[in-house]
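Understanding the architecture of this molecule
Now for the letters of each chain:
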Protein chains: 2
Amino acid sequence: MQIAVLLYPGFTALDAIGPFDTLSPLPGSEVVLVAERPGPVRNETGNLGLVADASLAEVTSPDIVVVPGGADPSGQLGPGAVAEWLRHVDRTTTWTTSVCSGSLILAAAGLLTGRRATSHWLMLEQLASYGVEATGERVVFDGKYVTAAGVSSGIDMGLTLVGRIAGDRAAQSVQLLIEYDPQPPYDAGSPEKAPADLVAEWRAADLSQMVAGHRAP
Amino acid sequence: MQIAVLLYPGFTALDAIGPFDTLSPLPGSEVVLVAERPGPVRNETGNLGLVADASLAEVTSPDIVVVPGGADPSGQLGPGAVAEWLRHVDRTTTWTTSVCSGSLILAAAGLLTGRRATSHWLMLEQLASYGVEATGERVVFDGKYVTAAGVSSGIDMGLTLVGRIAGDRAAQSVQLLIEYDPQPPYDAGSPEKAPADLVAEWRAADLSQMVAGHRAP
């Protein structure tokens, strides 16, 4: 079972690593980080480089594809090598997945049309603009398409997928080993729970502010 | 404010990336990935390379140090460049922190002696062997020393630290942007909550099994 995690300039590190470290333990699996060209790919803030060990051309039939998001995914929403690769490998994947704004990339490639899917809470309207039934749920399954909400939700998606593929016990084992017993110091992780004025400030912020390091408003 | 995230061969990716993506948005901060030598550093399973942008020699007075863990940290527990660097920079840090078995590395460098600290639930006994008051709590503060439990707890630690440094609102902002509203599909994230026989199997497993990709037993 080959699991391909897509990298592109401007990705969010945790979007990629949450699924990476939850899916890696799947028995009989091999995870490969893939990008248009092999070598380091920088994240959205430019201060982190993750190595793509394979080019898109070298990974032609992964069983699972994971598309992370980034604060500004616009560079990946037009025609291009990534969209072509996604459409090609999607023909034979068992699961096609995304985290955060990664669902916009799948949608722009035409893979989510008419399907239910989720995204970062700030990007649900844009997701809907692609003819997607956009929902604010944390992890959404629609057939083989699995989408997760913002950034950290890739951990929940990864564990859920391990459960579907290898059973509850395998998923519980991964959860126990990554000690995923969340105790966030605040209850502000969704627009429904965070202070309303904070949510409003972020809704009014333009994307470039987020790209500039997710600075607090 | 300079935040240095230490990399070494065999680190766990999520240990490094949880603090990375929660601390990066700190106003006025710069995060740098640092290792003995600059360049790609491979993780515990060998299938991921994260780029160290600076050598230990280039980062001499970070304000915050983050030490991630790895399934088998034994290579970092003896005398060596990493231990020397940690002792050196710790003289001037504001916060010296770790995730998972990273606390063993701090302890082996002599920085946690007589202090309260935590680690991955499978490594608490080993932590205590360094004269540390080892606790199973998820995030432990003892003065400027902040340690987190296994792997995913680095997210909780990062958010807690942002709150201490920049205030509740800044931390809530980060939590909202990474949509950290955990909804794990199981309640198995700690040895107290996971099925008892699963916990027992992992307690009996040798470390090499974990290194071999965190395979489920």
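Fair warning: this is a prediction, and the values are worked out from it, not measured in the lab.

How each quantity is defined
- Residues numbered from 1 in each chain as written.
- Chains lettered and ligands numbered in written order.
- Predicted model: local features only at pLDDT ≥ 70, side-chain atom pairs only at ≥ 80, totals over all residues.
- Heavy atoms only, no water.
- UniProt positions renumbered as here; feature names shortened; annotations may be inferred.
- Helix = DSSP H or I, 4+ residues; strand = E, 2+ residues; numbered from the N terminus.
- Buried < 20%, exposed > 50% of the residue type's maximum accessible area, 1.4 Å probe, protein only.
- Right-handed = clockwise from strand over helix to strand, strands pointing away.
- Pairing = 2+ DSSP bridges.
- Least-squares fit on C-alpha atoms with pLDDT ≥ 70 in both.
- Salt bridge = Lys/Arg side-chain N within 4 Å of Asp/Glu carboxyl O.

**A short note on the UniProt feature "domain: DJ-1/PfpI" (unreviewed entry) in chain A**
Per the UniProt record, the feature "domain: DJ-1/PfpI" (unreviewed entry) sits at residues 2-162 of chain A. Across residues 2-162 of chain A one finds 27% helix and 26% strand; the C-alpha atoms that close the span lie 14 Å apart.

**Section: the pairing of strand β1 (residues 2-6) of chain B**
Residue and element names in this part refer to chain B. Of all five residues that make up β1, five are buried, and the element is covered over most of its length. Burial along β1 is two-sided: the residues Gln2, Ala4 and Leu6 and Ile3 and Val5 are all buried. Remark: the β1/helix α1 (residues 13-23)/strand β2 (residues 30-35) crossover connection has right-handed handedness. Sheet analysis places β1 next to strand β6 (residues 64-67), joined by three bridges and oriented parallel. Bridged to alanine 4 within β6 is valine 65.

**Some details on the relation of the copies chain B and chain A**
Two chain copies, one operation linking them: a rotation about an axis together with a shift along it. In screw terms, the move from chain B to chain A is a rotation of 180 degrees and a rise of 0.0 Å along the axis, fitting with an RMSD of 0.0 Å. Here the symmetry operator amounts to a two-fold rotation axis. Residue leucine 50 of chain B of chain B places its C-alpha closer to the rotation axis than any other residue of that unit, at 2.3 Å.

**Concerning the pattern of salt bridges**
Pairing is possible between side chains that carry opposite charge, provided their charged atoms lie close to one another. The tally for this structure, following the rule as stated, stands at 18 salt bridges over all chains. Between lysine 144 of chain B and aspartate 90 of chain B there is a salt bridge, and its shortest N-O distance comes to 3.6 Å. Taken together, the residues span a long stretch of sequence, with lysine 144 of chain B in the loop between β10 (139-142) and β11 (145-148) and aspartate 90 of chain B in helix α2 (residues 81-90) at a distance of 54 residues. Taking the relative accessible area as the measure of exposure, aspartate 90 of chain B reaches 8% and is therefore buried. For arginine 115 of chain B, the salt bridge is made with aspartate 142 of chain B, and the minimal N-O distance between the two is 3.2 Å. Highlighted residues: arginine 115 of chain B in the loop between α3 (102-108) and β8 (116-117) and aspartate 142 of chain B in strand β10, separated in sequence by 27 residues. What you see here is one network of salt bridges that share partners, running through Arg116, Glu133 and Glu137 of chain A.

**A short note on the sheet that holds strand β1 (residues 2-6) of chain A**
Residues and elements named next belong to chain A. Pairing in this open sheet of seven strands is mixed, and the strands run β5-β2-β1-β6-β7-β11-β10 from one edge to the other. The open sheet terminates on both sides in strands that have one partner only, identified here as β5 (54-55) and β10 (139-142). Two elements, strand β6 (residues 64-67) and strand β7 (residues 95-99), share four bridges in a ladder whose sense is parallel. Paired with valine 67 across the two strands is serine 98, which belongs to β7.

**Focus: unusual backbone geometry**
At cysteine 100 of chain A, a residue that is not glycine, the phi angle is positive and equals roughly 60 degrees. With respect to the helices and strands, the residue cysteine 100 of chain A is situated in the loop between β7 and α3 (102-108). On the accessibility criterion, cysteine 100 of chain A (4% relative accessible area) is buried. With phi around 25 degrees, valine 151 of chain B is a residue other than glycine that occupies positive phi space. Within the secondary structure, valine 151 of chain B is located in the loop between β11 and α5 (153-166). Its relative accessible area of 3% is what places valine 151 of chain B among the buried residues.

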